[in-house]
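# Structural characterization, general
So you can see what is in the structure, the chains are spelled out below.
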Amino acid sequence: MDNRIQAIADQAQAEFGLETYRLGRHAIFQKQDVLGEPYYQLSMEWFPLSAGEVEEDENPEGAAILDYHLQEKRFESVIFVMEQTDSTHHPFEKRTVEEMASFVERMTGFQFGRDFFVQDFYGTGALFHSEANGVRLSPSFQAEVNCDGQGRLLSFTTYGKAPDQNAIAQQEFETTLEEIEPLVQQHVKLFEFPSEMKGKFVSAYTVDEVYITADGSTCLPFFTDERMAVQVGDLLEWTEPLNGSINRSPLRSSEAVDVNKAFQESSGITFCLSDEQVEQCKSAVLNALRMEYPEESGKWRLKMLQPEQRYIHAFCYAAESTASDVLRPKLVLFIDKETMNVVNLMDNRPMLQDMFNTFKPAEPAKIDHETAYESLVPYITMEPVYVYDFRSKTYILCGLIDSDVAVDAVSGEIVALEDL
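For clarity, every value in this text was computed on a predicted model and none was experimentally measured. (Residues numbered from 1 in each chain as written. Predicted model: local features only at pLDDT ≥ 70, side-chain atom pairs only at ≥ 80, totals over all residues. Heavy atoms only, no water.)

### Considerations on helix α8 (residues 369-376)
Note the following rule: The cut-offs for exposure are 20% and 50% of the maximum accessible area for each residue type, with area from a 1.4 Å probe on protein chains only; residues under the lower value are buried, those over the upper are exposed, and the others partly exposed. Labels follow the DSSP assignment, with helices taken as runs of H or I lasting at least four residues and strands as runs of E lasting at least two, numbered in each case from the N terminus. By definition, the arc is the one covered by directions from the helix axis to the C-beta atoms. Any two residues having at least one pair of non-hydrogen atoms within 4.5 Å are treated as being in contact.
Buried within α8 we find Ala 372, Tyr 373 and Leu 376. The buried residues of α8 all sit within an arc of 100° when viewed along its axis, so they share a single face. On its buried face, α8 is in contact with α3 (181-186), β11 (188-195), β12 (200-207) and β22 (405-408).

Written out as structure tokens, the structure is:
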């Protein structure tokens with residue numbers, strides 16, 4: 001075993017009381033953090049000595065699965081299979097939130113009360129998150145700790161990382177819904193909801209969740225991966241189809257990385273797309289649709305490009321649809337980053353057909369957009385959130401526009417979203 005991996009394994013054994021365990025398997029993988037930065041992760045599987053021989057791909061009860069961030073030199077997660085453990089350590093003898101916060105501090109190097117705060121405490125576990133002046137962040141660092149009745153660790157998981165305080169543009173949130181009414185009105189949209197109880201689709205207006213900057217000048221997507229992606233918005237049209245079909249190949253999962261490569265100070269890799277790559281993706285997507293869907297010119301819009309380790313994911317949505325993004329016809333094209341060719345494609349229409357083929361179509365809307373908006377106004381909320389902007393690489397103060405009700409587009413009644 002490489003000496004550097006052995007050192008981490010020795011640290012893990014001592015830190016988590018794994019004296020009666022053996023290191024069964026380990027590998028290094030390239031990962032992408034919540035801010036789109038690449039890093040390398042050492043994954044280790046420790047087996048209890050009492051388990052004897054372990055079959056390939058099997059993790060016996062009580063096994064410990066550990067993930068270690070090589071660049072930040074910290075454990076990202078520790079999970080004991082089936083919540084059983086033979087650990088000799090009892091770090092949570094009193095099962096207090098203070099013990100758990102101290103454990104998170106030791107694992108991450110982050111400071112409790114500055115970098116992370118208690119979100120929930122439930123006796124044998126606690127959930128922590130990051131915030132700024134009581135305002136939550138998106139994405140937020142999160143950590144969860146769970147223990148057994150003897151105070152032994154059962155699971156420790158983290159998501160993201162604590163923000164650099166200098167990257168938070170702190171300010172008071174003074175924006176009102178009235179001041180940004182035009183933008184709010186734009187994000188009240190007509191959707192089609194599948195109602196199992198009624199056996200049909202129901203048309204209703206509700207708020208499409210979105211972040212609006214405190215000055216009311218810009219909207220940011222609700223989901224972090226959408227903010228990270230390259231937004232395109234091109235309508236895909238052509239005058240002639242293209243003979244042939246895409247050369248489909250199985251999508252390759254993450255492969256183990258060479259040890260020396262992983263221990264470099266900097267990976268030297270970026271998942272950002274250059275202008276040239278964006279244009280290559282547009283061309284590859286257009287040609288793929290010309291071959292696979294020759295009769296569907298003008299029916300699809302390339303919404304965004306999401307680069308990941310091995311592939312660039314190109315998301316195309318039906319150009320005309322009243323459905324939400326979840327139910328809207330969608331294509332996902334997988335572009336190999338080495339060749340810049342489409343190597344596979346996913347079409348959600350067969351799945352939607354299988355799921356909802358017995359549902360009756362929605363009745364035509366009788367309520368217009370303006371009337372629906374006026375009915376929704378009392379139910380629209382705006383929560384201040386510091387949102388990470390991938391262009392400026394700072395957290396900027398926004399208002400999250402949301403509502404938990406909808407307006408039935410036929411009757412005009414207010415309906416709870418959970419009842420649709």
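Now, onward.
### A few points about the pairing of β12
Cut-off, in case you're wondering: When DSSP finds two or more bridges between two strands, those strands count as paired.
Taking burial as the measure, the 8 residues of β12 include 7 buried ones, the bulk of the element. What sits between β11 and β12 in their antiparallel hairpin is a turn of 4 residues, with Gly 199 showing a positive phi close to 70°.

### Some details on the sheet that holds strand β19 (residues 342-347)
We apply this condition: Only the stretch in contact is used when fitting a helix axis, every axis being a line fitted to C-alpha atoms; angles between N-to-C directions are given from 0 to 180 degrees.
Spatially, β15-β16-β17-β18-β19 is the arrangement adopted by the 5 strands of the open sheet, whose pairing is antiparallel. Every other strand in the sheet has two partners, leaving β15 (230-236) and β19 as the edge strands with one partner each. Averaged over neighbouring strand pairs, the angle between their axes works out to 20° when direction is ignored. Here strand β16 (residues 300-307) pairs with strand β17 (residues 311-318) via 7 bridges, running antiparallel. Looking across to β17, one finds that Gln 306 is bridged to His 313.

### With respect to the packing of aromatic side chains
Put simply, the rule is: In this analysis, rings of Phe, Tyr and Trp, with Trp reduced to its six-membered ring, are considered paired at centre separations within 6.5 Å, and the interplanar angle assigns stacked below 30 degrees, edge-to-face beyond 60, and tilted for intermediate values. Whether a charge lies above a ring is judged from NZ of Lys or CZ of Arg, which has to be within 6 Å of the ring centre and within 35 degrees of the ring normal.
Enumeration over the complete set of coordinates arrives at 18 aromatic pairs. Taking the centre distance of 6.2 Å and the plane angle of 70° together, the rings of Phe 191 and Phe 193 count as edge-to-face. Judged by relative accessible area, Phe 191 falls into the buried class, the value being 9%. Considering the side-chain rings of Tyr 211 and Phe 222, the 5.8 Å spacing of their centres and the 20° angle between planes classify their relative orientation as stacked. Taken together, the residues span a long stretch of sequence, with Tyr 211 in strand β13 (residues 210-213) and Phe 222 in the loop between β14 (219-221) and α4 (224-228) at a distance of 11 residues. In this structure Phe 222 comes out as partly exposed when scored by relative accessible area, which is 23%. Put simply, the rings of Phe 110, Phe 112, Phe 116, Phe 128 and Phe 141 pair up and form one aromatic cluster. Taking NZ or CZ as reference, Lys 303 lies 4.9 Å from the ring centre of Tyr 317, over its face.

### Thoughts on the nonpolar core
Our working definition: As used in this record, nonpolar core signifies buried Ala, Val, Leu, Ile, Met, Phe, Trp, Tyr and Cys residues forming a set joined through side-chain atoms within 4.5 Å.
Ranked by internal contacts, the top residues of the largest apolar core, which has 39 residues, are Phe 16 and Phe 128. Here this core gets 6 residues from one element, more than from any other, and that element is helix α2 (residues 97-108). Among the nonpolar cores identified, the runner-up in size contains 24 residues, and Trp 238, Ile 246, Ala 284 and Leu 289 belong to it.

### Re the pattern of salt bridges
Rules: Think of a salt bridge as a Lys or Arg side-chain nitrogen and an Asp or Glu carboxyl oxygen that are within 4 Å of each other.
A full pass over the atoms with the stated rule returns 19 salt bridges. Residue Asp 148 is joined to Arg 152 by a salt bridge in which the shortest nitrogen-to-oxygen separation is 2.9 Å. With respect to class, Asp 148 is no different from Arg 152; both count as buried. Through salt bridges with shared partners, a single ionic network connects Asp 33, Glu 72, Arg 74 and Lys 161.

### Considerations on the confidence of the model for the protein chain
We apply this condition: The pLDDT value tells you how sure the predictor is about a given residue, anywhere from 0 up to 100.
Averaged over every residue, the pLDDT of the protein chain is 93; residues scoring 70 or more account for 99%. Taken element by element, the protein chain is modelled with least confidence in helix α5 (residues 259-262), mean pLDDT 87, and with most confidence in strand β9 (residues 142-147), mean pLDDT 98.

### Overview of the sheet that holds β11
If you trace the 4 strands from one edge of the open sheet to the other, you get β11-β12-β22-β23, paired in antiparallel fashion. Lying at the two open borders of the sheet, with one neighbouring strand each, are β11 and β23 (414-416). Across the sheet, the mean angle from the axis of one strand to that of its neighbour is 45°, orientation sign disregarded. Against the sheet, α8 makes contact with β11, β12, β22 and β23, and its axis sits at roughly 145° relative to β22, the strand it touches most.

### Quick word on the side chain of Glu 76
Selection criterion: Positive residues here are Lys and Arg, negative ones are Asp and Glu, while His and the chain termini are left out of the count. Under the rule applied, a polar contact is a pair of N or O atoms within 3.5 Å (in protein, one hydrogen donor and one hydrogen acceptor; residues adjacent in sequence only if both atoms are side-chain atoms).
Take Glu 76: it is sitting in strand β4 (residues 74-80). An unpaired buried charge is present at Glu 76: no salt bridge exists, and Arg 74, the closest side chain of opposite charge, is 4.5 Å distant. Within the structure, Glu 76 has its side chain in polar contact with the side chain of Gln 41 (distance 2.7 Å). The contact partners of Glu 76, leaving out residues within four places of it in the chain, are Tyr 39, Gln 41, Asp 67, Tyr 68, His 69, Phe 156, Thr 157 and Thr 158.

### Structural notes on the side chain of Thr 158
You can see Thr 158 is positioned in strand β10 (residues 153-159). For Thr 158, a relative accessible area of 18% puts it in the buried group. A distance of 2.8 Å separates a polar atom in the side chain of Thr 158 from the backbone oxygen of Glu 76. The residues touching Thr 158, leaving out its near neighbours within four places in the chain, are Arg 74, Glu 76, Thr 108, Phe 141, Gln 142 and Ala 143.

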